[in-house]
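# Topology and contacts: notes
Below, each chain spelled out in residue letters.
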Amino acid sequence: MFYKVSKEDEYLFKGKRKRLVEQLRVKGIINADVLKAIETIPRHLFFDQSTARPAMLEHAYSDKALPIGAGQTISHPFTVAFQTEKLELKVGDKVLEIGTGCGYQTAVLSEMGCKVFTIERQKSLYDKTKLFLPFLGYKSIRFFYGDGYKGLPKHAPFDKIIVTAGAPYIPNDLLIQLNVGGILVIPIGEGEQQEMNVLKKKSEQSFEKQVIGKFKFVPMLQNKV
Ligand code: SAH
């Protein structure tokens, strides 16, 4: 079931998005293109429509993680903004995303002019998001059902790679599939919290690593596809 969004609702949600962008600015997000993408994308349409209730839609633009079905959650807007900012995106960048989920982060990457390749290991989410994003107008995204630990060797190398689930370690295949000069943003940690790791590939063999901030992600799962 889809919620019918009236013109009045659209107006209301636009106002809410503007306020969300202001909150993200206060929390330290400065990249104007990231903020513009968040101001543009109708986040309230990304929730699991079968379980979403109007009360939940009320929270669509507060800085919260909310259910998207299959036991998964949409990332906090701040987390999406933070990870995206750390990717230092340029128009035309070829970007690999691990963990498509409901596709909100995917839409942000596409809205910023990137060529997006995205992998999801939950079939139901893959099927749903693959239909939903083109329906919203994002037609050039390439969707893959599979295990993100392996990346997409056939489509490598990538300028940027973003992982949106908490990984126990940095998968070597992802490091290999990154261009020299590229950036990988990945939350690392198996417990309640993960630390955001930002890796810049300096040469085929060397990386510069920064560890910044603690976040909460659902786990990046292995060997289940
Ligand atoms: N960016 C998404 C975040 C969803 S949560 C959003 O904003 O909606 C993380 C997602 O990663 C989940 O959908 C989960 O199924 C997926 N995931 C977990 N382990 C994975 C793996 N090994 N490969 C691909 N996707 C994985």
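Scope of this entry: the structure provided in the associated data block. (Residues numbered from 1 in each chain as written. Predicted model: local features only at pLDDT ≥ 70, side-chain atom pairs only at ≥ 80, totals over all residues. Heavy atoms only, no water.)

## What about the overall build of the protein chain?
This is how the line gets drawn: Segments assigned H or I by DSSP are reported as helices when at least four residues long, segments assigned E as strands when at least two residues long, and all are numbered from the N terminus. The globule rule used for comparison is 2.2 Å times the number of residues to the exponent 0.38, while the radius of gyration itself is calculated over C-alpha atoms. Think of it this way: Lys and Arg go in the positive column, Asp and Glu in the negative one, and His and the chain ends go nowhere. All charge positions are set by atom: Lys at NZ, Arg at CZ, Asp at CG, Glu at CD.
Scanning the protein chain for helices and strands turns up 7 helices and 9 strands. Taken over C-alpha atoms, the radius of gyration comes to 17 Å for the protein chain, in line with the 17 Å a tight globule of 225 residues would show. The C-alpha extent of the protein chain, read off along each of the three principal axes, is 55 × 35 × 35 Å. Averaging the positions of the 33 positive and the 24 negative side-chain charges in the protein chain gives two centres separated by 2 Å.

## Quick word on the pattern of salt bridges
Rules: One side-chain nitrogen of Lys or Arg within 4 Å of one carboxyl oxygen of Asp or Glu is enough to make a salt bridge. For every residue, the accessible area obtained with a 1.4 Å probe (protein chains only) is divided by the maximum for its type, and the residue is called buried under 20%, exposed over 50%, and partly exposed between those limits.
A complete count under the given rule lists 10 salt bridges for this structure. Note that lysine 160 is salt-bridged to aspartate 93, the shortest N-O span being 2.7 Å. One end of the pair, lysine 160, is in strand β6 (residues 158–163); the other, aspartate 93, is in the loop between α4 (77–86) and β3 (94–98), and 67 residues separate them in sequence. With relative accessibility at 4%, the residue lysine 160 sits in the buried group. Here glutamate 208 makes a salt bridge to lysine 202, at a shortest N to O gap of 3.6 Å. Looking at glutamate 208, the relative accessible area reads 42%, which means it is partly exposed. The class of lysine 202 is partly exposed, set by a relative accessible area of 47%.

## Re the pairing of strand β4 (residues 115–120)
The side chains of a regular strand alternate between the sheet's two faces. Here is the rule: At least two bridges found by DSSP between two strands is the condition for calling them paired.
Within β4, 5 of the 6 residues are buried, leaving the element largely enclosed by the surrounding structure. Sheet topology places β3 next to β4; 5 bridges connect them, and they run parallel. Its bridge partner lying in β4, lysine 94 is registered against lysine 115. Here β4 runs beside strand β5 (residues 142–145); their pairing, made up of 4 bridges, is parallel. Opposite threonine 118, over in β5, you have phenylalanine 143 as the bridge partner.

Nothing here speaks to function; it is all geometry.
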